[in-house]
Amino acid sequence: MNFGEAVVTVVQSIVLPYGYTLSIWSAGILAAFRYGAPKRVDPLLFVVGAVIGFMVFNIPTYWAITGQEELDVEAPTVALVNIVPLAAVMVSTLLMRLIESELWGYFLSGFSATVVYVGSLSLLIWILS
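Residues numbered from 1 in each chain as written. Predicted model: local features only at pLDDT ≥ 70, side-chain atom pairs only at ≥ 80, totals over all residues. Heavy atoms only, no water.

Novice: Help me understand the packing of helix α1 (residues 3–35) against helix α3 (residues 84–98) in this model?
Specialist: The geometry of a pair of packed helices is captured by two quantities: the angle between their axes and the separation between those axes. Interaxial distance between α1 and α3 falls to 9 Å at its minimum, and their mutual angle equals 20°. Looking at the two axes, α1 sits roughly parallel to α3. For the pair α1 and α3, the sense of crossing is right-handed. Taking contact as the criterion, the partners of G19, L22, S23, S26, A27, L30, A31, R34 and Y35 in α1 are, on α3, P85, A88, V89, S92, T93, M96 and R97. Residue composition of the contact of α1 with α3, by class: nine nonpolar, five polar and two charged. (Axes fitted to C-alpha atoms, helices over the stretch in contact; angles between N-to-C directions. Helix = DSSP H or I, 4+ residues; strand = E, 2+ residues; numbered from the N terminus. Parallel < 35°, antiparallel > 145°, perpendicular 65-115°, else oblique. Left-handed = near helix turned anticlockwise from the far one by under 90°. Contact = heavy atoms within 4.5 Å. Nonpolar A, V, L, I, M, F, W, Y, C, P; charged D, E, K, R; others polar.)

Now the structure itself:
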């Protein structure tokens, strides 16, 4: 394998988690900027929001693949564009402008980043496939 092929292998294997990392990290830093340094409960609320946001898609996916031996984790080439984190950041920014409550703000920033990232990327792949 030459260096170019190695780069292709790495990029293909990290494209989805990289985009999600950008989305969720951006939402967290926006929440910290909006509501101040997180208190003890805030990171928990942020993670709970993100997990519940993931479950919105995870539960129907689990039902759809019940009985499969393996998961198909290949991503189409369009995923390499990786513009979806921008949508997640925009939604998080708009949402936090509307929410005054620090507790709800941390929870909903994790939730919205996850839902917007997974939903937008799924929609983009569906439209372009």
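Right, picking up where we left off after that structure.
Novice: Sorry, what's going on with the nonpolar core here?
Specialist: Grouped together as the largest cluster of nonpolar side chains are 10 residues: I24, A27, A31, Y35, F46, A50, M96, I99, Y106 and A113. Every element with two or more residues in this core is listed here: α1, α2 (41–65) and α4 (102–128). When residues of this core are assigned to their parent elements, the largest contribution, four residues, is made by α1. Ignoring anything within four residues of it in the chain, the contact list for A50 reads Y20, I24, G110, F111 and T114. (Core = buried A, V, L, I, M, F, W, Y, C linked by side-chain atoms within 4.5 Å. Buried < 20%, exposed > 50% of the residue type's maximum accessible area, 1.4 Å probe, protein only.)

Novice: Quick question: what am I supposed to make of the side chain of S23 here?
Specialist: Note on placement: S23 falls in helix α1. Using a relative accessible area of 0% as the deciding quantity, one classes S23 as buried. Not counting chain neighbours up to four residues away, the residues in contact with S23 comprise P85, A88, A113 and Y117.

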